[in-house]
Amino acid sequence: MILFGIEHESGHHMSVSIGIDFGTSSARVTCLRNDDVVNVPNKFSSGNNSGIIYYSLTGGKINFTSLKQKIGFEESVLIRGRRVLAIDLFSDVLRIIKKDSENYLKDEVSGAVIAVPSCFADKQRMAMRTAANKAGIENVKLIDESMAAVMALGINEEVKTILVYALGGGVFTVSAFRNKNRNFYPIWHEGDRNLGGNLFDTLVAEYLIREAGFDLSRFGGSIENVQNLKKIVEKTKIELFSKDVVEINFAGFTRNDYGDRGQDSKLTVARSLFEGIISSSVDQTISLTDRVIEKAGLTNDTIDAIVLVGGSTRIPFIEKSIRQKYNGNVIHASDDAISIGAAFYAKLEMKDTTEENTQQPDEKKKDEIVEPNYKPDKRTPQGMNEMSWLKEFTPYLVDSQLYWQNNEFDAAIAKLESLLSELPKFIANLYHSRGKLLLAPETVDEAIAHLEKGIEYDSDREKLRHSLHEAYSLKARQFVEIGNHNEARLILKKGLKYKPDCQGCLGLLKNIENSTQSPSHHMNRVRFKKKRR
């Protein structure tokens, strides 16, 4: 899901948020305007299009689930005889969605919040950001899909612990959250990027091919047969939501792909048979769910609500398995819950984005990746610090090698020594960049770890100090929300070390110290202890 900030010609952001949910076969776009939810049409909003971007030579359809599985792993797709990286395909999709959104809203789209599966690794999150940048979306933030779904549901304060079971087309994630005054704090998550409805379809298709008597050595050679079988599997699965038995007719298939049964082959599939085919896969999701509950320090009895997200959770067998295994109240999230949650998150983030863009217009340029104009011995290490060090590192090594091959040994050594003296700053840049990627409520601890490591290499870098202060401030507010004032005080003091004049942190620290010194605070602590006894 992506959420866009809309910018007028004056350069100032409106208070408008758009969320996009990349489902298995469509992209849902939601816009919040004056707190009203508005659906924004785009080329991928129709489920009939199945999210198709390209066709491969084998006739296979490339959908959003396939791309999410591949992005960040340097995996490619065969497109009309050439290999295309998943990150480039996603960039094309985002470029189209950006254009469609701008045409509908009559404004320029310049920012995005992308919601990704909780199980996405750092390199997948980085790739998603890169794809958005390549599509012309300058300001990019990330949010987990499970978090977006929870934010959209309006869960009341009485529901303290929430389990989000998200099973879509190709990615499964399960996450545990704690609810404090309707602020949701992630506790633990697990996931599998190859588990979902696509796997169910494959298992059912393999069964149908065997039972219908196809010649397996020739079946895959017919594009028409592959496409027809996919339609049959989808139709069968959906009909079994409400029927006990479904009859399948293979009359539309090519004759030479059959064995002894011929074109008139028919099959009857019972719901119990379908459940047996997918049961082992469902058991895998239950095992991952049990692990999350254990790691989160919860039990089946302490789960107040279980939120089911994704099209595959509509399968009756899955809901029945969840209800039998766990005791929590089961809530089905709507189809557009994730896109709405993304839009809510966008609205919260837009204020910070607006302030950053209006008050510091020149700072963004310094962080842009600049393609190096390579000329040996023309750059200095100081100039390198304002660019992407990964793009600049290789030319320096090449320069040194060229000097060495030309018997200019002193120049070669001097080149490497000048690079070595600046290496700590380059490493600090890496930790800073990664820390900023993780600077979100659900990953703030990881962000702090990376930023603190960066400070060890370059304690004088102003931007790095500012980011670490921001991370400490975010973590302190999380401690305040759950009533842990002691930890909040310690974290705030750490942050003030890097920005001593921050009025917001100073005011919060003063409020904490006043509250902990008040008689009512000590009385509440006593009452709390008695209550626990």
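Conventions we followed
- Residues numbered from 1 in each chain as written.
- Predicted model: local features only at pLDDT ≥ 70, side-chain atom pairs only at ≥ 80, totals over all residues.
- Heavy atoms only, no water.
- Phe/Tyr/Trp six-rings, centres within 6.5 Å; stacked < 30°, edge-to-face > 60°.
- Helix = DSSP H or I, 4+ residues; strand = E, 2+ residues; numbered from the N terminus.
- Buried < 20%, exposed > 50% of the residue type's maximum accessible area, 1.4 Å probe, protein only.
- Core = buried A, V, L, I, M, F, W, Y, C linked by side-chain atoms within 4.5 Å.
- Contact = heavy atoms within 4.5 Å.
- pLDDT = per-residue confidence, 0-100.
- Pairing = 2+ DSSP bridges.
- Axes fitted to C-alpha atoms, helices over the stretch in contact; angles between N-to-C directions.
- Salt bridge = Lys/Arg side-chain N within 4 Å of Asp/Glu carboxyl O.
- Expected span 1.5 Å × (residues − 1).
- Bend = angle between axes of the 7 residues up to and from the residue.

Okay, the packing of aromatic side chains next. One pass over the structure, following the stated rule, counts four aromatic pairs. For the pair Phe22 and Phe90, a centre-to-centre distance of 5.3 Å together with 75 degrees between the ring planes defines the contact as edge-to-face. Linking Phe22 in strand 2 (residues 17-22) with Phe90 in helix 2 (residues 86-105), this pair joins segments that are 68 residues apart in sequence. With respect to burial, Phe22 and Phe90 carry one shared label: buried.

Membership of the largest hydrophobic core comes to 42 residues, with the highest contact counts inside it found for Leu163, Leu208, Ile278 and Ile322. Sorting elements by how many residues they give to this core places helix 8 (residues 271-295) first, with eight residues. Dropping the residues within four chain positions of it, Leu163 is found in contact with Val174, Ser175, Ala176, Thr289, Val292, Ile293, Ile303, Ala305, Ile306 and Val307. In terms of nonpolar packing, the next biggest core, distinct from the first, is built from 33 residues, Ile20, Val77, Phe90 and Ile114 among them.

This next bit is on the confidence of the model for the protein. Averaged over every residue, the pLDDT of the protein is 75; the share at 70 or more is 73%. The least confident element of the protein, judged by mean pLDDT, is helix 11 (residues 363-367) at 33; the most confident is strand 14 (residues 305-309) at 95. This model gives residues 255-263 a pLDDT under 50, and the stretch forms 27 contacts once residues within four places in sequence are excluded. Segment residues 520-533: pLDDT under 50, and five contacts once partners within four positions in sequence are set aside and those in other chains are kept.

With that settled, the discussion passes to the sheet that holds strand 9 (residues 161-167). Taking strand neighbours across the sheet as the criterion, the five strands line up as 11-10-9-14-15 in an open arrangement whose pairing is mixed. The sheet terminates laterally at strand 11 (183-192) and strand 15 (329-332), the two strands that pair on one side only. Strand-to-strand twist across the sheet, computed as the mean angle between neighbouring axes with direction ignored, equals 20 degrees. Pairing between strand 14 and strand 15: four bridges, direction parallel. Looking at the pairing, Leu308 lines up with His332 of strand 15. Where helix 4 (residues 145-153) meets the sheet, it contacts strand 9, strand 10 (172-180), strand 11 and strand 14, and its direction lies at approximately 45 degrees from that of strand 10.

Attention shifts here to the pattern of salt bridges. Evaluation of the coordinates by the stated rule reveals 15 salt bridges. One salt bridge connects Arg28 with Asp335, and the closest N-O pair in it is separated by 3.6 Å. Here Arg28 is found in strand 3 (residues 27-33), whereas its partner Asp335 is found in the loop between strand 15 and helix 10 (337-359), with 307 residues between them in sequence. Using a relative accessible area of 35% as the deciding quantity, one classes Arg28 as partly exposed. The partly exposed category is assigned to Asp335, whose relative accessible area is 40%. The residue Asp201 makes a salt bridge to Lys237 at a minimum N-O spacing of 2.9 Å. Placement of Asp201 in helix 5 (residues 197-212) and of Lys237 in helix 7 (residues 223-239) is noted, with a sequence separation of 36 residues between them. In this pair, the class of Asp201 matches that of Lys237, namely buried. A single network of salt bridges, built from pairs that share partners, joins Arg28, Arg314 and Asp335.

Here helix 8 spans 34 Å end to end across 25 residues, near enough to the 36 Å set by a 1.5 Å rise per residue. The sharpest bend along helix 8 reaches about 50 degrees and sits at Ser279. Residues of helix 8 that are buried: Phe274, Glu275, Ile277, Ile278, Ser281, Val282, Thr285, Ile286, Leu288, Thr289, Val292 and Ile293. A positive phi of about 75 degrees marks Gly297, the residue just after helix 8.

Located in the positive-phi region is Asn181, a residue other than glycine, with phi close to 55 degrees. Mapped onto the elements, Asn181 comes out in the loop between strand 10 and strand 11. The class of Asn181 is partly exposed, set by a relative accessible area of 43%. The backbone of Arg182 sits at a positive phi, close to 65 degrees, despite the residue not being glycine. Tracing the backbone through its elements, the reader meets Arg182 in the loop between strand 10 and strand 11. On the basis of relative accessibility, which here comes to 45%, the residue Arg182 falls in the partly exposed class.

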